[in-house]
Amino acid sequence: MIPGNLQQFQASFRMVQSTLIGFPSPAALKSEIFPGVRLGEDPSIGRHCIIFGNVFIGDRFRCGDDVLIRSETAVGDNVTLGDGACIDMDVVVGNNVTIREDVWIPQFTQIQNNVQIGPGVRLVGEPVFSRVQHKPARGIIIGEGCVIGEKAVIAPGVSIGPGVHVEAGAVITRDIPADRECAGKA
């Protein structure tokens, strides 16, 4: 049953080939307004995906199977997500970004334009609010033109400058300035 405040927005919540688009979050079900999804032109969405409400997706979006995109997220034009990719809440993904299969993008992450993220990369999130400081956690920032190699790990709150190349399997625990190459533990 669709609650009364959502009946006028039924078109925003639909199931296509076992994919849910505009799936309402628990907060949306309790609110007066259900925000839906803005999906740009020429999308291609795989099977068994869930895209929550209040998501903005640009033109020429491509995603594989078993993809999850949570609410309060903005995805730019020409973005590709591989099978099993997950994007948490409050994430911004720029234009011309490729995120390969089995990548987790945690809350508050910012991925700028022209970024490539290899398969199995782990961006590690932290609690939404620091227990000691009582302020929102700082999200990971990946600068324009970065390349993140397969199975690399990036620690919470790390900023990676523009043009950085992170080698496969690297573990990044601190901020990296622009135009560097990182391998091993940095």
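Residues numbered from 1 in each chain as written. Predicted model: local features only at pLDDT ≥ 70, side-chain atom pairs only at ≥ 80, totals over all residues. Heavy atoms only, no water.

We now examine the confidence of the model for the chain. Confidence in the prediction for the chain averages 82 pLDDT; 74% of positions are at 70 or higher. Predicted confidence for residues 1-15 stays below pLDDT 50, and this span has 27 contacts to residues more than four positions away or in other chains. (pLDDT = per-residue confidence, 0-100. Contact = heavy atoms within 4.5 Å.)

Bringing the sheet that holds strand 7 (residues 62-63) into the picture now. Pairing is parallel across the open sheet formed by eight strands, whose spatial order is 4-7-10-13-16-19-22-24. With partners counted over all chains shown, the strands left at the sheet margins are strand 4 (44-45) and strand 24 (181-182), one partner each. Two strands pair when backbone bridges link them, and strand 10 (residues 80-81) and strand 13 (residues 98-99) are joined in this way by two bridges, in the parallel orientation. Counterpart to T80 in the pairing with strand 13 is T98. (Pairing = 2+ DSSP bridges. Helix = DSSP H or I, 4+ residues; strand = E, 2+ residues; numbered from the N terminus.)

On to the sheet that holds strand 18 (residues 141-142), then. With respect to topology, seven strands assemble into an open sheet ordered 3-6-9-12-15-18-21, the strand pairing being parallel. If you trace the sheet from one side to the other, it starts and ends with strand 3 (37-39) and strand 21 (159-160), each paired once. With two bridges joining them, strand 9 (residues 73-75) and strand 12 (residues 92-93) adopt parallel strand pairing. Each residue of the ladder has a partner; that of A74, found in strand 12, is V92.

Take the side chain of T109 next. In this fold, T109 is placed in the loop between strand 14 (104-105) and strand 15 (110-111). Assessed through its relative accessible area of 0%, T109 is described here as buried. In this structure the side chain of T109 is engaged in a polar contact, spanning 2.7 Å, whose partner is the backbone oxygen of P106. Other than its neighbours up to four places away in sequence, T109 contacts D90, V91, V92, L123 and I140. (Buried < 20%, exposed > 50% of the residue type's maximum accessible area, 1.4 Å probe, protein only. Polar contact = N/O pair within 3.5 Å; in protein donor to acceptor, adjacent residues only side chain to side chain.)

Let us look at the nonpolar core. Membership of the largest hydrophobic core comes to 40 residues, with the highest contact counts inside it found for L81, I117 and I142. Among all residues touching I142, those that are not within four sequence positions of it are Q110, I111, Q112, V115, I117, L123, I148, I154 and I160. (Core = buried A, V, L, I, M, F, W, Y, C linked by side-chain atoms within 4.5 Å.)

By the secondary structure assignment, C86 is in strand 11 (residues 86-87). The exposure class of C86 is buried, given its relative accessible area of 18%. If near-sequence neighbours (up to four positions away) are discounted, C86 is found in contact with L68, V103, W104 and I105.

Counting across every chain of the model gives three salt bridges. Between D42 and R62 there is a salt bridge; the shortest N-O distance is 2.9 Å. Linking D42 in the loop between strand 3 and strand 4 with R62 in strand 7, this pair joins segments that are 20 residues apart in sequence. By relative accessible area, R62 is classed as partly exposed at 28%. The partner of R70 in a salt bridge is D88, and the shortest N-O contact between them spans 2.8 Å. One end of the pair, R70, is in the loop between strand 8 (68-69) and strand 9; the other, D88, is in the loop between strand 11 and strand 12, and 18 residues separate them in sequence. For D88, a relative accessible area of 11% puts it in the buried group. (Salt bridge = Lys/Arg side-chain N within 4 Å of Asp/Glu carboxyl O.)

Take unusual backbone geometry next. Within the chain, H48 stands out as a residue other than glycine whose phi angle is a positive 60°. Structurally, the position occupied by H48 is in the loop between strand 4 and strand 5 (50-52). Of the residues examined, H48 reaches a relative accessible area of 46% and is grouped as partly exposed.

Another aspect to go through is the side chain of D59. Along the chain, the position of D59 falls in the loop between strand 6 (55-57) and strand 7. Here D59 sits buried without a salt bridge, and the closest side chain of opposite charge, R38, lies 4.1 Å off (N-O distance). Ignoring anything within four residues of it in the chain, the contact list for D59 reads R38, G40, E41, G76, D77 and N78. (Lys, Arg positive; Asp, Glu negative; His and termini not counted.)

Next up on the list: the environment of L68. Looking at the element boundaries, L68 is found in strand 8. A C-alpha to C-alpha distance of 4.9 Å links L68 and I50, two positions 18 residues apart in sequence. Residues within four places of L68 in sequence aside, it is in contact with I50, F52, A85, C86 and I87.

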